[in-house]
Amino acid sequence: MEPVRIAVIGAGLSGLICARALAAAGLEVRVFDKGRGVSGRMSLRRIPGNSAHPDLQFDHGAQYFTARSSAFREQVQDWITRGVVSPWEGPFVTLTRGQCGPDPGNGDVRYVGVPGMNAICKDLSLGLDVQCGVRVTGLSRGGGHWRVAAERVQTARELVLEEEFAAIVCTLPAPQAVELLPEEICFREELSAVQLGPCWCGMVSFAQDIPVAFSAGFVQESPLRWIARERSKPGRPRAPDNWVLHASPDWSRQMLSRSPEQIASALLAAFSAALGRPLPEPIQYSQHRWMYALPVSPLAAGCLVDPGLGLIACGDWSAGDRVEGAFQAGQAAAEAVRGLFLGG
Ligand SMILES: Cc1cc2nc3c(=O)[nH]c(=O)nc-3n(C[C@H](O)[C@H](O)[C@H](O)COP(=O)(O)OP(=O)(O)OC[C@H]3O[C@@H](n4cnc5c(N)ncnc54)[C@H](O)[C@@H]3O)c2cc1C
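The following paragraphs examine the structure supplied in this document. (Residues numbered from 1 in each chain as written. Predicted model: local features only at pLDDT ≥ 70, side-chain atom pairs only at ≥ 80, totals over all residues. Heavy atoms only, no water.)

### Considerations on the side chain of threonine 94
As for its placement among the helices and strands, threonine 94 is situated in strand S6 (residues 92–96). A polar contact is formed between the side chain of threonine 94 and the backbone oxygen of proline 102, at a distance of 3.3 Å. Discounting residues that sit within four places of it in the chain, threonine 94 has contacts with Gln99, Cys100, Gly101, Pro102, Pro104, Phe218 and Gln220. (Helix = DSSP H or I, 4+ residues; strand = E, 2+ residues; numbered from the N terminus. Polar contact = N/O pair within 3.5 Å; in protein donor to acceptor, adjacent residues only side chain to side chain. Contact = heavy atoms within 4.5 Å.)

### Comments concerning the environment of proline 282
Relative to the helices and strands, proline 282 resides in the loop between helix H7 (260–275) and strand S18 (284–295). A relative accessible area of 27% places proline 282 in the partly exposed class. For the pair proline 282 and tryptophan 251, spaced 31 residues apart in sequence, the C-alpha separation works out to 23 Å. If sequence neighbours within four positions are ignored, proline 282 has contacts with Val204, Ser205 and Phe206. (Buried < 20%, exposed > 50% of the residue type's maximum accessible area, 1.4 Å probe, protein only.)

### Side note on a nonpolar patch on the surface
Nonpolar side chains collect at one region of the surface, where Leu340, Phe341 and Leu342 lie side by side and expose about 220 Å² of accessible area between them. Secondary-structure assignment places leucine 340 in helix H8 (residues 322–341). (Patch = residues over 30% accessible without salt bridge, like charges linked within 9 Å, V, L, I, M, F, W, Y side chains within 5 Å. Areas by Shrake-Rupley, 256 points an atom, 1.4 Å probe, with all protein chains shown as cover. Salt bridge = Lys/Arg side-chain N within 4 Å of Asp/Glu carboxyl O.)

### A short note on the sheet that holds strand S19 (residues 304–306)
Taken in spatial order, the six strands line up as S9-S2-S1-S13-S20-S19 in an open sheet, and their pairing is mixed. Each of the sheet's edge strands pairs with one partner strand only, and the pair in question is strand S9 (129–132) and S19. Neighbouring strand axes in the sheet, compared pairwise and without regard to direction, differ in orientation by 15° on average. As defined by bridge partners, S19 adjoins strand S20 (residues 311–313) across three bridges and the pair is classed as antiparallel. What sits directly across from leucine 304, in S20, is alanine 313. The strands touched by helix H1 (residues 13–24) are strand S1 (5–9), strand S2 (28–33), S9 and strand S13 (167–170); relative to S2, the strand with the most contacts, the crossing angle is about 165°. Against the sheet, H8 touches S1, S13, S19 and S20, its axis set at about 170° to S20. (Pairing = 2+ DSSP bridges. Axes fitted to C-alpha atoms, helices over the stretch in contact; angles between N-to-C directions.)

### A few points about the site of the ligand
As a structural note, the neighbourhood of the ligand is formed by 35 residues, with Ser14, Asp33, Arg41, Tyr64 and Asp316 the closest of them. Within the backbone of tyrosine 64, an N or O atom sits 2.6 Å from a nitrogen atom of the ligand. A distance of 3.0 Å separates an oxygen atom of the ligand from a polar backbone atom of valine 323. Summarising the interface, the protein chains cover 94% of the accessible area of the ligand, which totals 1,000 Å² for the free molecule. Its residues placed into classes, the shell around the ligand shows 17 nonpolar, twelve polar and six charged. Looking at which domains feed residues into the shell around the ligand, each of domain 1 (1–39 + 118–194 + 297–344) and domain 2 (46–116 + 196–296) gives three or more. (Near = heavy atom within 4 Å. Nonpolar A, V, L, I, M, F, W, Y, C, P; charged D, E, K, R; others polar. Domains from an automatic or database assignment.)

Geometric descriptors of this kind do not, in isolation, establish any biological role.
Here's what the structure looks like:
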């Protein structure tokens, strides 16, 4: 009997959770991602430093996550047992123009991947057929099956995929999924309504420590909404003093097309203002623009399914947002595929 082949587009958390569950159910799964490695918005950014610190690392997307549902708690416990995840103890503060206030959290434990946030997706991808550096450019349907058109990102050369897929699971951020998926999908309206806000991210390194006693701050009255000291997370290098700066969605939206120099000087000035002190000279500064960082209007659907077409779309945006939402979305998508081909 021909195996049931499923293509999963996107090797972020939702795609990999889905792919693992489907592979465990005996389906033949191939995962494609345009990134250089797995992890999507949970990626680690490597930046060349100086001779003393040649390889600098930053969690430039997701910073930490919480676990509220019992299914996700169980998964997190497994990751902790295997050393893939650890609690991040902080301390965390609010920062308002140099004034420190209390942690605004509700007492939930904050977790991170070890030694980087990408450890989680790297672990999930083990044993799966995952092709990175492959951008899916189109989907076509004939004879009840899907064909995937793709190109290698580095060369922009077409990649010929001979096989046919019984179903497609698309885990792109909703606005990108709208572009890729065929016009006739039954959930186009719901998908088109989902928005994700942008985020400018600064990554800055200092040879000399910034003399503050906290690990991360929720910033108020500032272009920034979050700053974090990388080495305060478990398993990170102790030096140099690397910081991640995340701008607020509103500021990021207003500044989307500003020059890199304008963004850099605004984010560093906002960092200094949030700390209420001048900064030492950085040994490096880099930045990244996330066009689709966090869902503004997430759905609570789990995933969106077109059973007639064998097409499922999911991501953090379809199941309540953030890392835990992505986990739930991946599980819901796997459940939907099992329902289509294995009868539940
Ligand atoms: C700046 C920032 C801060 C965040 N902070 C937190 C936080 O503190 N806590 C928290 O819980 N969450 C946070 N998040 C959100 C969290 O990262 C996401 O909820 C989660 O990682 C989403 O996973 P996903 O699998 O749904 O999507 P993604 O990780 O976006 O995965 C989609 C994948 O699709 C790939 N892709 C896109 N187009 C194509 C294509 N055409 N062909 C092939 N592949 C393609 C991408 O490369 C990507 O790997 C943050 C995100 C950002 C960006």
